[in-house]
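Overview (structure and organization)
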Amino acid sequence: MIEIQNVTKAYRTDTIETIALHNMNLSVPSGEFLSIMGPSGCGKSTLLNIMGLIDEPTEGTVSLAGKPITGYNGKQIARFRNEQLGFIFQSFHLINDLSVVDNVELPLLYRKVGGKERRRLALEALAHVGLSNRATHFPNQLSGGQKQRVAIARAIVGRPNIILADEPTGNLDSHMGDEIMDILLKLNAELGTTIVMVTHDERMAKKTHRLVRLSDGERVS
Amino acid sequence: MFKNYLLLSLKVLKRKPFYTFISLFGISFTLMILMLLTSLFDATLGDNQPLTHRDRLVIVPMLERTRTETDTIMKIDTLATSYDTTYTYEDDIVSTSNGPMSYKFVTENLTKLEEAEHYAFWNDGYHQDGYLDGRKFSFGAYYVNAGYWDVFDFKFLHGSRLNEQDDEGANKVVVITDKAAKTYFGEATASVIGQEMQLGAETFRVRGIVARPLSDSPMFAGDVFFPITRVDQREIDSDDVSGGFGAAFLTSTSGRREALKNELTFLGDNYDMSGVEFYDKMRLFNATFYEGYARGILQEEDGSKALRLLFIPVVLLILLFVALPLLNLVNLNISRVYERKAEIGVRKAFGANGSDILYQFIFENLVLTFIGGVIGVLLAIALISYVNTNDLLGITRLSYSYEVFFYFLVVIVLFGFLSGILPAYRMSRTNVADSLR
Ligand SMILES: Nc1ncnc2c1ncn2[C@@H]1O[C@H](COP(=O)(O)OP(=O)(O)OP(=O)(O)O)[C@@H](O)[C@H]1O
Ligand SMILES: [Mg+2]
């Protein structure tokens, strides 16, 4: 379960201050598939990043499994991310210098997992997204949908409890988008993985358990 | 974990062949140039035989004779030797002549110096042809006294040096370089010692074989060394003060060099010129080894001034030469790390902590600079041996010093390490969300 309480995020530049999130409260119980919608610039990514511990709130607390993470040091937070969280980005963010299977192995590199075991788990995750035959390819040899499936394999290879997806279908056509959505739905249904997904697509949002709408840094539903 | 870092580095480098090539090339090239420079420096100025005692050495490269006439009528110089120059100075006509000294001058005046422990005299003005089985070889001939072998500690590969008895008896013996031995006998082994060599019209017995010196100093650039008394009889009989001989001395300690130099200057300034034709004044040039070296390069007669003139720019130039490629390496490494901002963000999002990122980049830089360094060392070795076997620098040959190679490798890897650590440290601390935006 992730819970954020009274979270405010302000970006300060020399001249202006942008309030990206204002006094936000949100709680995502384990096993839920939650979607977040809202106009561009309303703070969706900011919210997701704060929940994913890759950005810090200006005010307020983030709790993971009931424990507030304030007071944890950088190493412990990195550990949390490694073991509890998996990220999927709109622009995939694969490492182009590494092969598909090496990309998928990435989260396991920062755990005590032997090389053979790493490879086995990565291939298993690739099988799960239907890309076994592309393991030795490099990211720039793949289509957008395939890239996103590799990104999903990377997000699930470490068996995280929570997956955070920022517009995972935003760069894909509707057919490929549906494929990605199906994988996520299956993941949620079969493994009980908690998923928080930002989307612009009402159709996708309808398939999830709950929808939260943001506007100007505040929840409107 | 280190194995992972290493594998990862190799993977990344393999995927970026162009970048890898450029950085490797830069590192290797820098290293190679640096090593060539040091070995050139070492060959000419280093502590090599036959100049192990360089810090006690005083050289008399030449003497200068002048004639000053307070005469307003231009004189036509009838002495047409190549060194002579005549020019008017205010109302005086000054004629000067520079050059090496005669046999009589050096043996009568330069063998009783208070501060000199050893005396070396040599004549390098001749070539001797060697004959064997109808073939002919040309050798640079040096006629040297016994003390020459004390002043210049040649490295004897086989046999021994020439001595006083050889000078007194004008014995028909020679010391030859390993190169001359190979040219004439086809080998430079102990079996050559005692064999005969047909040189000019006479036959000489080989007494010793020396390793050819690394540098091309005119003090010892010969192939075949004869006893001094074997030189052309006219050189020995000449009553002139100028002739074909150079001289060098060893003092007991390096601190005594100034005293010897003063002694030589005094000797020249007070020389009785009544026996010398035409000229009325003498100057005996003298220099320590480094002064002599700087003098030779700058054509500046005052040795210590030449040394100052040469030293500062050379040091600056070398510093610049070393600094530029190293700065370039640092720059390359910095931009390389920044280029991979997104990758760092992704790694951190999936659980890498700051030190994981730090180690990864330091490791990559180390691997890269190490490979580049090794290539550089190999290139330098190949180039040095190419230069040496083909005599591209004349008689000067570059020295190999594996120790120096090793230190260079350490320095370059250290730079790889240092140049990676700062950008990697900064990147390892950036906000993940920012690097993924
Ligand atoms: N690093 C930053 N510095 C300054 N302002 C920022 C920064 N990051 C985000 N913002 C601002 O914060 C607000 C929320 O940004 P955010 O990226 O969360 O929007 P979003 O809802 O994800 O929009 P989109 O649908 O276009 O992705 C925007 O007004 C944006 O300009
Ligand atoms: Mg966004």
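Since the structure is predicted, the reported quantities are computational estimates derived from the model, not experimental observations. (Residues numbered from 1 in each chain as written. Chains lettered and ligands numbered in written order. Predicted model: local features only at pLDDT ≥ 70, side-chain atom pairs only at ≥ 80, totals over all residues. Heavy atoms only, no water.)

**Here's the deal with the overall build of chain B**
Defined as follows: Helix and strand definitions follow DSSP, with helices as H or I runs of at least four residues and strands as E runs of at least two, each counted in order from the N terminus. Throughout this description, buried means an accessible area under 20% of the type-specific maximum (1.4 Å probe, protein chains only), exposed means over 50%, and partly exposed covers the range between. We call two residues contacting when some pair of their heavy atoms lies within 4.5 Å. In short, Shrake-Rupley with a 1.4 Å probe defines the accessible areas, and a residue's cover is counted only from the protein chains shown.
What chain B contains, in helices and strands, is 14 helices and 14 strands. Of all 437 residues assigned to chain B, the portion counted as buried reaches 48%. Of all intrachain contacts in chain B linking residues separated by at least 6 positions in sequence, the fraction that spans at least 24 positions is 73%. Here chain B has roughly 21,500 Å² of accessible surface; of this, 59% comes from carbon and sulfur atoms.

**Comments concerning the packing of helix α3 (residues 100–109) of chain A against helix α5 (residues 144–156) of chain A**
All names here are of chain A. What counts is decided by this rule: Note on geometry: axes are C-alpha line fits, over the in-contact stretch for helices, and angles between N-to-C directions span 0 to 180 degrees. For any pair of crossing helices, the crossing counts as left-handed if the nearer helix is rotated counterclockwise from the farther one by less than a right angle, and right-handed if it is rotated clockwise. Polarity classes work like this: nonpolar for Ala, Val, Leu, Ile, Met, Phe, Trp, Tyr, Cys and Pro, charged for Asp, Glu, Lys and Arg, and polar for all others, with Gly in that last group.
Where α3 contacts α5, the two axes come as close as 7 Å, and the packing angle between them is 30°. Our pair here, α3 against α5, has a crossing hand that is right-handed. Residues Val100, Asn103, Val104, Leu106 and Pro107 of α3 pack against Val150, Ala153 and Arg154 of α5. For the contact of α3 with α5, the per-class residue count stands at six nonpolar, one polar and one charged.

**Observations regarding the pairing of strand β1 (residues 2–12) of chain A**
All names here are of chain A. For the record, the criterion: Strands qualify as paired when DSSP identifies two bridges or more between them.
With eight bridges connecting them, β1 and strand β2 (residues 17–28) associate as antiparallel partners. Opposite alanine 10, over in β2, you have isoleucine 19 as the bridge partner. Hairpin connection between β1 and β2: a loop of four residues separates the two successive antiparallel strands. Where β1 lies against strand β4 (residues 59–64), five bridges are found, and the strand directions are antiparallel. Paired with isoleucine 2 across the strands is leucine 64, a residue of β4.

**Things to note about helix α6 (residues 174–191) of chain A**
All names here are of chain A. The condition that has to hold: Here, expected helix span is obtained from the residue count minus one, scaled by 1.5 Å. This arc is built from the directions going out from the helix axis to the C-beta atoms.
Between its first and last C-alpha, α6 extends 25 Å over 18 residues, near the 26 Å set by a 1.5 Å rise per residue. Gly177, Ile180, Met181, Ile183, Leu184, Leu187 and Asn188 are the residues of α6 that are buried. Buried positions in α6, seen along its axis, are confined to an arc of 155° and lie on one side of it. Looking at α6, the residues exposed on the side facing more than 90 degrees away from the buried face are His175, Ala189 and Glu190. Downstream of α6 by a residue or two, glycine 192 has a phi angle that is positive, lying close to 70°.

**Looking at the site of ligand 1**
To keep it simple, the criterion reads: For this purpose, a residue is taken to be near a molecule or strand whenever a single non-hydrogen atom of the residue falls within 4 Å of it. Identification of polar contacts relies on pairs of N or O atoms within 3.5 Å, with a donor-acceptor requirement for protein atoms, meaning one able to donate a hydrogen and the other able to accept it, and with residues adjacent in sequence counted only if both atoms are side-chain atoms.
Residues in close proximity to ligand 1 total 14 residues, the closest being Ser40, Gly41, Lys44, Ser45 and Thr46 of chain A. Taken together, the residues near ligand 1 originate from chains A and B. Backbone polar atom of glycine 41 of chain A to an oxygen atom of ligand 1: 2.8 Å apart, as the coordinates give it. Between ligand 1 and lysine 44 of chain A there is a distance of 2.7 Å, counted from an oxygen atom to a side-chain nitrogen or oxygen. Coverage of ligand 1 by the protein amounts to 68% of the 630 Å² it exposes when considered alone. Here the shell around ligand 1 takes three residues from helix α1 (residues 44–51) of chain A, the largest share from any one element.

**Observations concerning α5 of chain A**
Across its 13 residues, α5 of chain A extends 19 Å between first and last C-alpha, which sits within 8% of the 18 Å expected from 1.5 Å per residue. Counting buried residues along α5 of chain A, 11 of its 13 residues qualify, which places the element largely inside the surrounding structure. What α5 of chain A keeps buried is the set Gly145, Gln146, Gln148, Arg149, Val150, Ala151, Ile152, Ala153, Arg154, Ala155 and Ile156 of chain A. Its buried side turned inward, α5 of chain A meets β6 (85–88), α3, α4 (115–128), β7 (162–166) and α6 of chain A together with α11 (341–349) of chain B.

**Re the confidence of the model for chain B**
Rule in force here: pLDDT is a residue-level measure of predictor confidence that goes from 0 to 100.
Taken residue by residue, chain B gives an average pLDDT of 83. The fraction at 70 or more is 88%. Interface scoring of the predicted complex returns ipTM 0.94; its pTM is 0.67.

**Comments concerning the packing of helix α12 (residues 354–389) of chain B against helix α13 (residues 402–428) of chain B**
Residues and elements named next belong to chain B. Note the threshold: Roughly parallel refers to an angle under 35 degrees, roughly antiparallel to one over 145, roughly perpendicular to one between 65 and 115, and oblique to any angle outside these ranges.
Where α12 meets α13, the closest approach of the two axes is 8 Å, and the angle between their N-to-C directions is 155°. Between α12 and α13, the interaxial angle falls into the category roughly antiparallel. Handedness of the crossing formed by α12 with α13: right-handed. For the contact of α12 with α13, the class distribution of residues is 19 nonpolar, eight polar and no charged.

**Some details on a nonpolar patch on the surface**
All names here are of chain B. Counted only if it meets this: What makes a patch is a set of residues exposed beyond 30% relative accessible area and free of salt bridges, joined within 9 Å when like-charged and within 5 Å when nonpolar (Val, Leu, Ile, Met, Phe, Trp, Tyr). Salt bridges are defined as contacts in which a side-chain nitrogen from Lys or Arg sits within 4 Å of a carboxyl oxygen from Asp or Glu.
Taken together, the side chains of Leu6, Leu10, Phe370, Ile371, Ile375 and Leu379 make up a nonpolar region of the molecular surface, amounting to roughly 460 Å² of accessible area. Among the secondary structure elements, those contributing two or more residues to the nonpolar patch are α1 (2–15) and α12. A total of four residues in the nonpolar patch trace back to one element, the largest contributor, which is α12.

**Some points on the sheet that holds strand β8 (residues 194–198) of chain A**
All names here are of chain A. In spatial order, the strands read β6-β7-β8-β3-β9-β10; together these six strands make up an open sheet with mixed pairing. Taken across any chain shown, the strands that pair with only one partner, and hence form the sheet edges, are β6 and β10 (218–219). Along the sheet, helix α2 (residues 74–84) contacts β6 and β7; its crossing angle with β6, the most-contacted strand, is approximately 75°. Here α5 sits on the sheet in contact with β6 and β7, set at roughly 170° to β6.

**As for the environment of histidine 127 of chain B**
Residues and elements named next belong to chain B. In this structure, histidine 127 sits in strand β5 (residues 116–132). The sequence separation of histidine 127 and glycine 200 amounts to 73 residues, and the corresponding C-alpha distance is 9.3 Å. Leave out the neighbours within four places in its chain, and histidine 127 touches Ser138, Phe139, Gly140 and Ala141. Polar side-chain contacts of histidine 127 include one of 3.4 Å to the side chain of serine 138.

**Considering the side chain of glutamate 343 of chain B**
Structurally, the position occupied by glutamate 343 of chain B is in helix α11. On the accessibility criterion, glutamate 343 of chain B (8% relative accessible area) is buried. Side chain to side chain, glutamate 343 of chain B and arginine 340 of chain B meet in a polar contact 3.0 Å long. A polar atom in the side chain of glutamate 343 of chain B sits 2.8 Å from the side chain of arginine 347 of chain B. With sequence-adjacent residues up to four places away left out, glutamate 343 of chain B is seen in contact with Ile95 of chain A together with Gln360 of chain B.

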